[in-house]
Amino acid sequence: MQDPQSPGTPSLPEKGPGDEATGTAPPPRRHTFPKEEHLCRKKLIEELFGKQSSSFGVYPLRFVYTKTEVATTAPPQVLISVSKRTFKRAVDRNRLKRLIREAYRLNKYRLTEQPGGHQVALLGIIFTGKEKSPLVLVEKKLISGILRLVGTTVEASAPPPAP
């Protein structure tokens, strides 16, 4: 008996959700967080926490960001931090950073796929909570923070309405 996916048998192309109406499938999202998107350079970190940056909090996360002049669809460089003062054990800090990275990796498309782009150049996500949080809560708060971030940058770049 032959395997249905053996080399001699032609395979049928898979159909996506947009195939019937338009004839083409939307491009798949790549949920990645490569090294180029990590904020590591000391000069850029100083710029992120300098006078030109803005911030807001969505407990237990704090978002610090700097804006660019031109809207872009490229992902910003991101810094993720958990306080050593609050979480003494490195195991706890590393776990929270891993949770935040995973939540950001799965939801960064909300920032990069905005119509007209976004204006975030550098982004810092700081965990300010006092207790360890599960992934569901971290992801929920990160999503609301990204949506607020997109709304803040769009409102700031749009001209005021005429009276």
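Residues numbered from 1 in each chain as written. Predicted model: local features only at pLDDT ≥ 70, side-chain atom pairs only at ≥ 80, totals over all residues. Heavy atoms only, no water.

A separate point is the overall build of the chain. Along its length, the chain carries five helices and four strands. Across the 163 residues that make up the chain, the buried fraction comes to 33%. For the chain, restricting intrachain contacts to residue pairs at least 6 apart in sequence, the fraction spanning at least 24 positions comes to 80%. Accessible surface, the chain as shown: approximately 11000 Å² in total, 56% of it carbon and sulfur. (Helix = DSSP H or I, 4+ residues; strand = E, 2+ residues; numbered from the N terminus. Buried < 20%, exposed > 50% of the residue type's maximum accessible area, 1.4 Å probe, protein only. Contact = heavy atoms within 4.5 Å. Areas by Shrake-Rupley, 256 points an atom, 1.4 Å probe, with all protein chains shown as cover.)

Here the focus is the confidence of the model for the chain. Confidence in the prediction of the chain, expressed as mean pLDDT, is 85, and 79% of residues score 70 or more. The spread of mean pLDDT over the elements of the chain runs between helix α1 (residues 19-22), the lowest at 53, and strand β3 (residues 77-82), the highest at 97. (pLDDT = per-residue confidence, 0-100.)

Moving on: the side chain of Asp-92. Here Asp-92 is to be found in helix α3 (residues 90-107). What makes Asp-92 buried here is its relative accessible area of 13%.

The buried fraction of strand β4 (residues 118-127) amounts to nine of the ten residues, a majority that puts the element mostly inside the structure. Where strand β2 (residues 61-72) and β4 come together, eight bridges link them in antiparallel fashion. When the bridges of β4 are listed, Thr-66 appears paired with Leu-122. Sheet topology places β3 next to β4; six bridges connect them, and they run parallel. Bridged to Ser-81 within β4 is Ile-126. (Pairing = 2+ DSSP bridges.)

Right, let's talk about the environment of Ala-74 for a bit. By the element assignment, Ala-74 lies in the loop between β2 and β3. Placed 37 residues apart in sequence, Ala-74 and Leu-111 show a C-alpha to C-alpha distance of 9.2 Å.

To continue, consider the sheet that holds strand β1 (residues 54-58). Taken in spatial order, the four strands of this open sheet run β1-β2-β4-β3, and their pairing is mixed. Each edge of the open sheet carries a strand with a single partner, namely β1 and β3. Between one strand axis and the next, the sheet turns by 25° as a mean value, whatever way the strands run. As paired elements, β1 and β2 share five bridges and run antiparallel to each other. Residue pairing for β2: Ser-55 is matched across the bridge by Val-64. Sheet contacts for α3: β2, β3 and β4; angle to β3, the most-contacted strand, approximately 150°. (Axes fitted to C-alpha atoms, helices over the stretch in contact; angles between N-to-C directions.)

This part takes up the pattern of salt bridges. In this structure the tally under the stated criterion is four salt bridges. In this structure, Lys-108 engages Glu-37 in a salt bridge whose closest nitrogen and oxygen atoms are separated by 2.8 Å. Of this pair, Lys-108 sits in the loop between α3 and α4 (109-112) while Glu-37 sits in the loop between α1 and α2 (42-48), and the two are 71 residues apart along the sequence. Relative accessible area serves as the criterion here: at 7%, Lys-108 is assigned to the buried category. (Salt bridge = Lys/Arg side-chain N within 4 Å of Asp/Glu carboxyl O.)

Looking now at α3. Between the first and last C-alpha of α3 there are 26 Å, a value that for 18 residues agrees with the 26 Å anticipated at 1.5 Å per step. Among the residues of α3, Asp-92, Arg-93, Leu-96, Leu-99, Ile-100, Ala-103, Tyr-104 and Asn-107 are the ones counted as buried. Buried positions in α3, seen along its axis, are confined to an arc of 130° and lie on one side of it. (Expected span 1.5 Å × (residues − 1). Arc of directions from axis to C-beta.)

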